[in-house]
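Chain by chain, the residues run as shown.
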Amino acid sequence: QVQLVESGGGLVQPGGSLRLSCAASGSIISFSPMGWYRQAPGKARELVSSISSGGNTNYADSVKGRFTISRDNAKNTVYLQMNSLKPDDTAVYYCNLDSRFGLWTWGQGTQVTVSS
């Protein structure tokens, strides 16, 4: 069973930055299309960004130009650099496969809170 572990969340002021990391058991991330998802209070989980095994990226309109997804296959890790954070970015952030290709069991996520 794949174990997903997200880290890097925290409390930041509007306009601040955070970098989230996603690690998994084994080397499965290195070969997989991955995504970052978020779930805000009272809202459904949504895909915010994805990255193919070859490094092609996609972003939700709400984060385009502010967030950058990247991967380090040697470290079996996916990152989400979040800049110019807004209160609406407040959510629990999760990593997983790009859902077009399937999903592993969800991890606990990491809380991102943007507030002044």
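Residues numbered from 1 in each chain as written. Predicted model: local features only at pLDDT ≥ 70, side-chain atom pairs only at ≥ 80, totals over all residues. Heavy atoms only, no water.

(A) Quick look at the pairing of strand E3 (residues 18-24). Across the 7 residues of E3, 5 count as buried, placing the element largely inside the fold. As defined by bridge partners, strand E1 (residues 4-7) adjoins E3 across 4 bridges and the pair is classed as antiparallel. The residue bridging Leu-4 from the neighbouring strand is Ala-24, located in E3. As defined by bridge partners, E3 adjoins strand E8 (residues 77-82) across 6 bridges and the pair is classed as antiparallel. Directly across from Leu-18, in E8, lies its bridge partner Met-82. (Buried < 20%, exposed > 50% of the residue type's maximum accessible area, 1.4 Å probe, protein only. Helix = DSSP H or I, 4+ residues; strand = E, 2+ residues; numbered from the N terminus. Pairing = 2+ DSSP bridges.)

(B) View of the sheet that holds E1. The strand order across the open sheet built from 4 strands is E1-E3-E8-E7, with neighbouring strands paired in antiparallel fashion. Looking at which strands have only one partner, the edges of the open sheet turn out to be E1 and strand E7 (67-72). Averaged over neighbouring strand pairs, the angle between their axes works out to 15° when direction is ignored. (Axes fitted to C-alpha atoms, helices over the stretch in contact; angles between N-to-C directions.)

(C) Representation of the environment of Arg-38 in the model. Mapped onto the secondary structure, Arg-38 falls in strand E4 (residues 34-39). A residue is classified by how much of its surface remains accessible, and Arg-38, at 6% relative accessible area, is buried. Separated by 33 residues in sequence, Arg-38 and Val-5 have C-alpha atoms that sit 14 Å apart. Beyond its immediate stretch of four places on either side in the chain, Arg-38 contacts Ala-44, Arg-45, Glu-46, Val-48, Ser-62, Val-63, Phe-67, Asp-88, Asp-89, Ala-91, Val-92 and Tyr-93. Reaching out from Arg-38, the side chain makes a polar contact with the side chain of Asp-89 at a distance of 2.9 Å. (Contact = heavy atoms within 4.5 Å. Polar contact = N/O pair within 3.5 Å; in protein donor to acceptor, adjacent residues only side chain to side chain.)

(D) Layout of the packing of aromatic side chains. For the structure shown, the criterion picks out 2 aromatic pairs. Ring centres of Tyr-37 and Trp-106 lie 5.1 Å apart, and the angle between their planes is 90°; this geometry places the pair in the edge-to-face category. Remark: Trp-106 occurs in the loop between strand E9 (91-97) and strand E10 (110-114) and Tyr-37 occurs in strand E4; sequence separation between them is 69 residues. The class of Tyr-37 is buried, set by a relative accessible area of 5%. On the numbers, 5.8 Å between centres and 75° between planes, the contact of Tyr-94 with Trp-106 is edge-to-face. On the criterion of sequence distance, the pair formed by Tyr-94 in strand E9 and Trp-106 in the loop between E9 and E10 is long-range, its members being 12 residues apart. The exposure class assigned to Trp-106 is partly exposed, which follows from its relative accessible area of 26%. Each member of the aromatic cluster is reached from another via a ring pair, and the members are Tyr-37, Tyr-94 and Trp-106. Between Arg-45 and the ring centre of Tyr-94, over which it is positioned, the NZ or CZ distance is 4.6 Å. (Phe/Tyr/Trp six-rings, centres within 6.5 Å; stacked < 30°, edge-to-face > 60°. Lys NZ or Arg CZ within 6 Å of the ring centre and 35° of its normal.)

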